[in-house]
Structures are given as C-alpha cells and as structure tokens.
Amino acid sequence: MRLLLFLIIYQCATNSVNTHHVSNPNFILLMADDLGIGDLGCYGNRTLRTPNIDRLAKEGVTLTQHIAASPLCTPSRAAFLTGRYPIRSGMAAFSRVGVFLFSASSGGLPSEEITFAKLVKKRGYATALIGKWHLGMNCESSDDFCHHPLSHGFDYFYGLTVTNFRDCKPGQGSVFLKGVQKSLVIPMQIAGITLVSLAIVHYIGLLKIVQQPLSYENLTQRLTKEAVKFIGRNSNTPFLLVLSYIHVHTALYASKAFRGKSKHGLYGDAVEEMDWSVGQILDVLEEYNLSDKTLVYFTSDQGAHVEEISSSGEVHGGYNGIYKGGKSMNWEGGIRVPGLLRWPGVIQSGAYIDEPTSNMDIFPTIVRLAEAVLPSDRVIDGHDLMPLLQGKVTRSKHEFLFHYCNAYLNAVRWHPGNSESVWKVFFFTPNFSPEDSNGCYDYHVCFCHGGFITWHDPPLLFDLSRDPEEKVPLTPETESRFYEILRVIQLAVDNHTRSLHAVPDQLSWDNLLWKPWLQRCCSSFFQSCYCDYDSEGSLLEVHSG
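Each value, and the rule that gives it
Each chain carries its own residue numbering, running from 1 in the direction its sequence is written. Whole-chain, interface and lining totals are the exception, using all residues; otherwise, since this is a predicted model, local features are given only for residues with pLDDT of at least 70 and side-chain atom pairs are given and counted only at 80 or more. Hydrogens are left out, water is left out, and the side-chain values use all remaining heavy atoms of the structure. Each helix is a run of DSSP H or I of at least 4 residues and each strand a run of E of at least 2, with the numbering of both proceeding from the N terminus. Accessibility here uses a 1.4 Å probe with only protein chains present; expressed as a share of the type maximum, an area under 20% marks a residue as buried, one over 50% as exposed, and anything in between as partly exposed. Any two residues whose heavy atoms approach within 4.5 Å at even a single point are treated as in contact. Surface accessibility follows the Shrake-Rupley procedure with a 1.4 Å probe radius. Residue values consider only the protein chains on display as shielding. pLDDT runs from 0 to 100 and stands for how confident the predictor is about each residue. A pair of strands is treated as paired once DSSP finds two or more bridges between them. Helix axes are fitted to C-alpha atoms over the stretch in contact, other axes to C-alpha atoms as well, and angles between N-to-C directions run from 0 to 180 degrees. A helix is expected to span 1.5 Å for every residue after the first. By disulfide we mean two sulfur atoms from cysteines, separated by a distance within 2.5 Å. Whether two aromatic rings pair depends on their centres lying within 6.5 Å, for rings of Phe, Tyr and Trp, where Trp uses its six-membered ring; planes under 30 degrees apart make the pair stacked, over 60 edge-to-face, and the rest tilted. The term salt bridge refers to a side-chain nitrogen of Lys or Arg lying within 4 Å of a carboxyl oxygen of Asp or Glu. We call two N or O atoms a polar contact when they sit within 3.5 Å, provided that within protein one can donate a hydrogen and the other can accept it, with sequence-adjacent residues counted only if both atoms are side-chain atoms.

(A) Spotlight on the overall build of the protein. Scanning the protein for helices and strands turns up 13 helices and 16 strands. Within the span of the protein, comprising 545 residues, buried residues form 62% of the whole. For the protein, contacts bridging at least 24 residues in sequence account for 75% of all contacts bridging at least 6. In the form shown here, the protein has an accessible surface area of approximately 21,200 Å², with 55% of it arising from carbon and sulfur atoms.

(B) Layout of the confidence of the model for the protein. Looking at the protein, the pLDDT average stands at 87 and 84% of residues meet or exceed 70. Counted against residues more than four places away or in other chains, residues 3-17, with its pLDDT under 50, gives 2 contacts.

(C) The arrangement of the sheet that holds strand β14 (residues 423-430) in detail. Here we have 4 strands laid out as an open sheet, ordered β12-β13-β14-β15, and antiparallel in their pairing. Both outer strands of the open sheet, β12 (400-405) and β15 (453-463), are each paired with one neighbouring strand and no more. The sheet shows a mean angle of 20 degrees between the axes of neighbouring strands, taken without regard to direction. Inspection of the sheet shows β14 paired to β15 by 7 bridges, in the antiparallel sense.

(D) Spotlight on helix α7 (residues 219-233). The terminal C-alpha atoms of α7, which comprises 15 residues, lie 21 Å apart, in line with the 21 Å expected from a rise of 1.5 Å per residue. Most of α7 is tucked away: 12 of the 15 residues are buried.

(E) The arrangement of the state of the cysteines in detail. A full pass over the atoms with the stated rule returns 3 disulfides. At a sulfur-sulfur separation of 1.9 Å, the disulfide partner of C405 is C448. In this structure the cystine formed by C405 and C448 twists about its S-S bond by roughly -75 degrees; its chirality is therefore left-handed. Of the two residues, C405 sits in strand β12 while C448 sits in the loop between β14 and β15, which places them 43 residues apart along the sequence. In this model, C440 is linked to C446 through a disulfide, with the two sulfur atoms separated by 2.0 Å. Between C440 and C446, the S-S dihedral sits near 95 degrees, and the bridge is therefore right-handed.

(F) Expanded view of the packing of aromatic side chains. Considering all chains together, one arrives at 18 aromatic pairs under this definition. Aromatic side chains F80 and Y297 sit 6.3 Å apart centroid to centroid with 20 degrees between the ring planes, which places their arrangement in the stacked category. Separated by 217 residues along the polypeptide, F80 in helix α3 (residues 73-82) and Y297 in strand β8 (residues 294-300) bring together distant segments of the chain. As far as the burial class goes, F80 and Y297 line up, both buried. Considering the side-chain rings of F400 and W414, the 5.9 Å spacing of their centres and the 10 degrees angle between planes classify their relative orientation as stacked. Of this pair, F400 sits in strand β12 while W414 sits in strand β13 (residues 408-414); the two residues are 14 residues apart in sequence, bridging distant segments of the chain. Neither residue differs from the other here; F400 and W414 are each classed as buried.

(G) Molecular detail of the pattern of salt bridges. Within the structure shown, the criterion is met by 25 salt bridges. A salt bridge links D377 to R378; the nearest nitrogen and oxygen atoms lie 3.0 Å apart. On the basis of relative accessibility, which here comes to 58%, the residue D377 falls in the exposed class. Two residues, E470 and K424, come together in a salt bridge whose shortest N-O distance is 2.9 Å. Here the residue E470 occupies a position in the loop between β15 and α12 (482-498), and K424 occupies one in strand β14, the gap between them amounting to 46 residues. When sorted by exposure, E470 lands in the same class as K424, which is buried. Among the charged side chains, a salt-bridge network with shared partners connects E332, R336, R413, K424 and E470.

(H) Expanded view of unusual backbone geometry. Residue H247 is joined to V248 through a cis peptide bond whose omega torsion reads 5 degrees. Along the chain, the position of V248 falls in the loop between β7 (239-244) and α8 (265-287). The omega angle of the peptide bond from T250 to A251 is 10 degrees, so this bond is cis rather than trans. Take A251: it is sitting in the loop between β7 and α8. Backbone geometry places H134, a non-glycine residue, at a positive phi of 65 degrees. Mapped onto the secondary structure, H134 falls in the loop between β3 (126-132) and β4 (156-160). For H134, a relative accessible area of 1% translates into the label buried. Despite not being glycine, N406 shows a phi value in the positive range, around 55 degrees.

(I) The arrangement of the side chain of S76 in detail. Within the fold, S76 resides in helix α3. On the basis of relative accessibility, which here comes to 0%, the residue S76 falls in the buried class. In this view, S76 contacts A68, S70, D301, Q302 and N359; residues no more than four positions away in its chain are not counted.

(J) The arrangement of the environment of S396 in detail. Following the sequence through the fold, S396 ends up in the loop between α11 (386-389) and β12. For S396, a relative accessible area of 15% corresponds to the buried category. Separated by 21 residues in sequence, S396 and G417 place their C-alpha atoms 9.0 Å apart. S396 has contacts with E355, P356 and L388, leaving out every residue within four places of it along the chain. A polar side-chain atom of S396 sits 2.6 Å from the main-chain carbonyl oxygen of P356. Separated by 2.9 Å, the side chain of S396 and the backbone nitrogen of H398 make a polar contact.

(K) Just the environment of G44, in detail. Inspection of the secondary structure assignment puts G44 in the loop between β1 (26-32) and α2 (51-59). Note: C-alpha distance between G44 and G321 (277 residues apart in sequence) is 8.1 Å.

Dropping the structure here:
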C-alpha cells in the first residue's frame, strides 16, 4: 500500500512538472534566412561552431523532418505567421518572381489574414518583430502601413521591411543581372535607393526610419541589442518575440569580432555570429529567470541557396547536408529545415522526432498555449506540436503535405498512418543548369514554369524513408504499389484543391513593381533618401573563439 501511495504521489509530481507554465508561456521564435540544415552541429556539421544553437537541441527537441511551407522567403514567412499555405492568402506568385523586391511595392500579407501575433496580443501579450519582415509595407500611400508588422499584431518593429540583397553591398555582384533583369525594366539607380531600408518602430507606437540605406556595420549586434532590451522591458509580462535574422542571406556580412574566424569563409563567419546572438538571447532569459517560462523555437525560412557564388568565386551559399537541391526548389534541400524547440520542464530534452512537421505548425501551437481561440472561418493547415513534443503521441497529424513552387503544386508528401514510408511525388522538376549540377546556376534560382521545368507523366515517386537523398525514382517494376500510391495522392490533391478559394494575387506584376508614391524617405527623395540616426554606441560585448 505504501509503495502504491508513493507511485501515485510520484506520478502526480511528474505530471505537475510537465504541466507547469503550460499555459501562457513566453515565446521566442528565431528564424534564420537561407540557412542550410547541414550548417549546424546538431544536424551533423563538424566544422562550423554553433554551440548555442546546438544547446537548444541538447535541452529540447530536434525535428529531423521539419518542412518549410515554401522554398522561398516571402511565401514561407506568410505561412509561418498564419499557419496556412501561402496559396490561400495570395502570397504565392503566378509570375516568375516569387518574393517582394522593393519596399515601395503595393503587395503584401493581406489585412484579412490572422497572424499568431494578432491572437496573442488580444490575450495581453507584448509582441515584437526584430529583423527581416519581407511581407509588404503599404497599399495606396506611403503611410497607410496596411501590410506592415504593426498592422499584423506586432507592437514593436525594428528591422527591414523587405530583404537583404547582394545589390545593396558594393562589390558583391547583382542578383538582378542573373535572375530578373530580363523581367524588370527599372533603372538600377532607383533600385539602389529603394531595395532596403532599416526602420524602427518604437514601443510607444511611432514609426521612424533610423537608417537609409542599410549599413551592415554591427547589424547583428544592433538587432540582438533590440531583442535583449525588449525581453528586459517585458520580463514581468507574457511576451512574443520574433527575431528574424538577416543572416545568412546574401550579401553576407560579419562584424569585426567574427570576420575571418570560421573555417568556411564569410558564410561561416555569418553563421557563427548568428549563433553568438542566439547565445545572448538564452543568457538574458537566464538573467531574468525566464528559461522555464519560455518556449524557444529556431528554424530557417527555407534551405540554403546553393547557387550563391560571390563575384570573386567564393561560395556564399550554405550546406543542405545529404539533401538534394536548395532554395527555390521542393527537393528536400530546399524545404527540409532546422526545427529546434526548447522549454525546460515541459517538453522532452535531447529528443529527436522524425515525423513530418511544418513551419505552419507554430501557429496553432502558440495560439493554444496562449489560450487564444483558433479562427473558425478559415482553413488552418498547421497542427499543434505539443503532443509530439511532450511524447504523448508518436505520429504527426500531417498525413499529407503539399509542396508549392510559387503558385504551382509541385510535389506532395504522404505519410500513411499504418506505415513508416514517406512517399513523395513530383509532378514537375526544375531543369538544372548546368544539367549535371545541383541547382540553376545560370539563373541564380530555379523557376517554376515554362521552359524552366520538366513535367513528369507519371509523376516521379520516391520513398524518403529509404531514399532521403531522392536519388532513384521508383517505378512500377521496383514498387508494386506504384499506381495505388499515385491514386491515393491524387485523391488528396483533389480534396486539397477543393479547399482553395480565389484571392487577390499579392505577387502580381502590378503589386511587385516599384511605385514612387509608396516610397518612404527619411530625407528628401532628391537627397537619395539618406539618413543615419541609429547609434552604434553601447553595443553588446562580443566574444568569439
């Protein structure tokens, strides 16, 4: 009887640990840009030093089949924030260009979309996005901010409304010359002014551009400093922080403390500086005794950009491990991304989960933990990760995942409930250039239609559980269930297609092109929109090996 009583008390104590602070935790969501899954020590890299990111894996859960909803920045980030395939919000392009290129474009994340920031803000959370946004800014005037982070649930914003480009850093070449120059007839003098600006929104709600054009000097330190200050200001209230790194999208940069220190050139320097920043965030959580009250998530918006070669011939793209392809492709190298989650005392530590999961799963996970209500008027494609993370279930709820190349359904993943197999079919694949390469080097990225792709009839079929490198397509001769698998997947595609509704195309040419009346300038436009109010004083101390 005493033994039974002891076991009951022990079980209750264990349950109390697992449920402590399960409601209304803080959330810190760390997103790298173009980071390869093979760039991190916790995913097998032995030459890049990422001890702080690896610490998340050691103290939390490593998702080994974590899938970005798109292999491009803009649609992937839209899916991450809304828990929905970007095709549902109009954030998937029918044209060649699948991302926003200018801060003065009129497209962006529609106001009708509901982000997790909007929902947790209603629950009393302080919310901030620091770093890259890339989901639009204005609609009709330079100050309507219809697509801005402030209009999507964030109280505080400090960062870039678009993205980092090689064109913005002298001597780094041009992404336009290879990829989109044939399609965009816009003077490059204007592009140089409008591509990127660093803007800050103070927590009191005032918008101020503090630096234009962007300076790379100590940029990661400045972003990290803002994140640390936000955590400190809100240490006594629930908060949600999205720290969206500029690393390691080109143009690459690294501060003096990290430059030349890695074994992989400037790219490695950038990765190791980002790891330093992650360490600063984990340290400040400990300083305020918030580690046990905070769910930390680390990922990348898509896989490494394998075609990134500097003008001097140095490799500026990352490493996707054993996986084929990279950014802009739905081969595994383009969509299988790091997925690390840590919440001491609540989720498992040192665990590996090989089930299919998606960056769209963060939306319902956060909403439910914040005790907010999931929208009932729309399809949410993500699933709550907590049962998997706590070991309460062993199977993902994602039986099917649909992989879009811009607005075109490119591939489908099927993980049957009664099987360990993960089937993946491709309806079309990009034409690599050169043919024997692992990417589209002649165009800088792979495209999704016309002469840039090859259609397959029947579709290509792989079993990722046996062939994760996607080397050998299966045939009716090598897989007896070949046509049955294709039939089931086609039924899933039909059901998925019926759930889609026509929405405005946010990435149409009209919405993509630069509009002078939407351009924000911190000085006269005729003075090249120049300003630099951002102080470089009191930067965080940097330690590098």
